[in-house]
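Listed below are the residues making up each chain.
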Amino acid sequence: MFAPIVLGSDKTTVSVATGQNDFYPLYMSLGNVHNSVRRAHRNAVALIGFLSVPKTSQDHADGADFRKFRRQLFHSSLEHILSSVRPYMTTPRVTMCEDGHYRRVVYGLGPYIADYPEQALLACIVQNWCAKCTAPPNDLDGDLTGQRSHVHTDTLLHSGEITLQELWDDYGIVGELLPFTTAFPRADIHELLSPDLLHQIIKGTFKDHLVDWVTQWIKQTYPKAQANRILADIDRRIAVVPSFPGLRHFHEGRGFKQWTGNDSKGLMKVYLSAISGHVPKQMVKAVAALIEFCYLVRRSIIDEDTLVQIDAALAQFHEHREVFREDIRPEGFSLPRQHSLVHYHFMITQYGAPNGLCLSITESKHIKAVKKPYRRSSRNKPLGQMLVSNQRNDKLAAARVNFQARGMLTVNVAPSDPVDDALSREVNETGAVEEPLAEAEVKLAKTYVRNLPRDLHMLSVKINQPRLPLLIRQFLYTTLNPDSPIPASQIQHEDLPHISGKIFVYNSARAVFYAPSDLSGLGGMRHERIRSTSSWYGGAPRRDCVFVANTDAPDAVGFSGLHVARVFLFFSFAHLDVAYQCALVHWFSAVGDSPDEETGMWMVNPDFRGGRRALAVIHLDMVLRGAHLLGAAGSNFLPTDATFDFSKSLDSFHTFYVNKYVDYHAHEVAF
Ligand SMILES: [Zn+2]
């Protein structure tokens with residue numbers, strides 16, 4: 001068995017009343033563990049040490065000697081920490097595995113996860129150069145580059161013709177140091193530095209570059225008052241986005257002091273429709289291409305076709321970002337994090353899907369492994385105490401698993417990761433489910449609404465849906481006569497089946513589906529709650545949208561095989577001893593037969609016939625999952641009165657984008 005050691009390090013700060021403390025944890029995981037396990041926070045990522053953060057007096061801090069010492073200390077520490085497994089990188093070690101079998105295990109260094117400035121430190125290269133290729137720092141995305149490798153550096157060093165200064169200036173190599181990987185067999189840091197979706201794409205290229213550039217462009221192009229009005233409208237468009245399970249709600253005036261990775265991930269989902277119409281089309285296309293790239297590389301399964309799509313999205317991004325060159329980036333696009341995108345294709349063919357190998361894993365581990373143990377410590381020489389806390393927590397977790405396996409302990413508590421209070425309302429809305437891999441299904445909530453009439457006609461009056469009885473009878477006719485050549489809408493009313501039983505109304509339905517690219521259970525399953533309620537948490541009504549299978553195009557792929565509908569009622573009834581779980585829906589129709597060219601998302605309009613909503617009753621079996629629609633405002637400004645908010649969006653716009661970026665599963669079905 002080959003056991004690749006996955007490493008990650010990332011500085012973090014713990015601030016308490018008495019001041020700030022910097023810690024530099026080193027985390028380890030094994031490449032043998034499935035990504036879904038690693039992301040599910042099941043202790044597959046362990047703290048193995050704290051790297052030192054050397055300090056010196058002000059007058060030495062910028063000195064060459066101190067910098068060299070700091071770099072050298074970093075590499076020597078890593079080498080020392082890993083030295084205990086080095087013998088078993090060439091000679092197998094017989095090890096008893098979790099399943100009780102003995103295996104001969106050979107260890108090796110696997111991917112190293114680090115953010116950019118630290119990548120330069122790890123690879124012993126000069127800041128602003130690429131750790132993977134020799135592209136010059138003023139033209140990172142140019143054509144003429146070669147791969148870096150230990151062999152390449154070694155050849156240069158021992159050629160006898162190049163001085164350390166020339167290595168530094170012409171090759172970006174810090175020649176006086178050797179990366180720690182040179183001390184281990186089959187390891188080359190230039191190959192092992194793994195893609196880091198969080199910092200390179202989400203926080204880096206998307207938030208720090210594109211979003212800032214768009215804002216800057218608006219400020220430079222328009223007089224101040226007009227620019228502020230546009231920026232306020234972009235904020236407002238984001239604030240009125242309809243609710244969706246797992247979607248972060250952005251309040252107006254997003255003046256975040258410090259953007260977290262989750263803020264940026266959330267913004268990606270709703271940003272395109274917010275800027276469309278306010279900035280040049282090519283700018284929207286540039287952002288859309290980057291988001292597309294991000295969603296493709298985030299997939300849990302990447303095949304040859306996906307790689308072709310990834311290359312296409314990157315080419316589009318490089319083409320369309322030129323729109324920023326003249327006004328915003330006259331110096332070009334030589335940005336190490338943005339440049340790293342060109343290496344993703346090769347990295348994926350080398351190591352597989354990067355999903356899960358990203359610093360967002362270590363960021364969530366910081367709380368458990370660093371912040372909480374620090375607060376528990378006496379604060380006097382805390383490092384040793386924090387390591388003991390971690391060891392004990394790991395042992396308790398292992399004991400729990402062992403006790404459970406022996407049937408001594410039944411544990412039904414969910415993994416206890418701290419949940420942001422603001423998000424707690426969403427906890428029941430969506431998330432991973434520990435259910436075996438199975439067909440997707442949508443089921444009504446467990447309990448029905450008590451205070452509504454159960455008689456069909458009284459109900460239809462009460463909820464102001466006068467056509468409900470007829471629509472149910474038409475639905476039943478179609479269900480009972482699947483081969484009828486005459487559509488139910490043309491059958492005489494007296495010939496339709498009669499319904500005498502009780503009708504039960506439900507406020508929500510629960511969809512369970514296979515979504516391994518999103519946060520999901522070990523079987524890759526995920527659930528979400530679809531709402532149709534007259535008052536959501538005591539507030540305005542909430543009527544969610546859903547994807548419905550398009551029975552006319554059973555073989556179509558992507559959005560062509562789907563309809564979008566908005567659910568006005570979830571209900572069940574029985575007819576001739578058969579129970580039916582149904583939804584009263586309002587249909588939407590696709591605009592054109594391809595996605596919008598600017599944003600890459602399909603557009604839909606709500607259907608009206610004779611001035612009335614085009615409604616139908618459908619069986620829940622037809623529903624795939626929830627759909628998220630974004631209002632398309634074009635170049636119009638939204639009304640600024642306070643009564644217009646996210647709960648009114650679905651009733652107010654004439655045209656909507658089908659948001660394929662709301663999560664990774666939507667991206668895989670609504671393209
Ligand atoms: Zn490069």
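Reading the values: rules and limits
Residues numbered from 1 in each chain as written. Predicted model: local features only at pLDDT ≥ 70, side-chain atom pairs only at ≥ 80, totals over all residues. Heavy atoms only, no water. pLDDT = per-residue confidence, 0-100. Contact = heavy atoms within 4.5 Å. Helix = DSSP H or I, 4+ residues; strand = E, 2+ residues; numbered from the N terminus. Domains from an automatic or database assignment. Buried area = accessible area lost by both parts, 1.4 Å probe. Expected span 1.5 Å × (residues − 1). Bend = angle between axes of the 7 residues up to and from the residue. Pairing = 2+ DSSP bridges. Axes fitted to C-alpha atoms, helices over the stretch in contact; angles between N-to-C directions.

Structural notes on the confidence of the model for the protein
Phase 1 of the analysis: Here the protein averages 87 in pLDDT, while 94% of its residues score no lower than 70.
Phase 2 of the analysis: Scored below 50 in pLDDT, residues 413-427 shows 11 contacts in the model against residues more than four places distant or in partner chains.

Considering the environment of L409
Phase 1 of the analysis: Among the structural elements, L409 can be located in the loop between helix 16 (382-405) and strand 8 (430-432).
Phase 2 of the analysis: Beyond its immediate sequence surroundings of up to four residues, L409 is in contact with R400, F403 and Q404.

Focus: the domain arrangement of the protein
Phase 1 of the analysis: Annotation of the protein at the domain level lists domain 1 (2-124 + 177-193 + 359-403), domain 2 (197-354) and domain 3 (430-669).
Phase 2 of the analysis: A straight line from the C-alpha centre of domain 2 to that of domain 3 covers 30 Å.
Phase 3 of the analysis: On the domain 3 side, the residues contacting the 34 residues of domain 2 number 42 residues.
Phase 4 of the analysis: Buried surface at the junction of domain 2 and domain 3, both sides included, amounts to about 3,400 Å², of which 59% is carbon and sulfur.
Phase 5 of the analysis: The three residues of domain 2 that bury the most area against domain 3 are R236, F244 and Y295, which together make up 20% of that side's buried surface.

Some details on helix 8 (residues 197-221)
Phase 1 of the analysis: Under the 1.5 Å per step criterion, the end-to-end length of helix 8 is only 32 Å for 25 residues, more than 12% shorter than the ideal 36 Å.
Phase 2 of the analysis: By the largest-angle criterion, G204 marks the main kink of helix 8, which is about 40 degrees.

A closer look at the sheet that holds strand 6 (residues 93-96)
Phase 1 of the analysis: A sheet is described by the order of its strands in space; here five strands give the open sequence 5-4-1-7-6, paired in mixed fashion. Sheet topology places strand 5 (46-50) and strand 6 at the edges, where each strand pairs with a single neighbour. Each adjacent strand pair in this sheet contributes to an overall mean axis angle of 45 degrees, direction not counted.
Phase 2 of the analysis: Where strand 4 (residues 25-30) meets strand 5, four bridges bridge the pair, whose relative direction is antiparallel. Bridge pairing links Y27 to L47 in strand 5.
Phase 3 of the analysis: Set on the sheet, helix 3 (residues 64-82) makes contact with strand 1 (2-9), strand 4, strand 5 and strand 7 (102-113); between it and strand 7 the angle comes to about 165 degrees.

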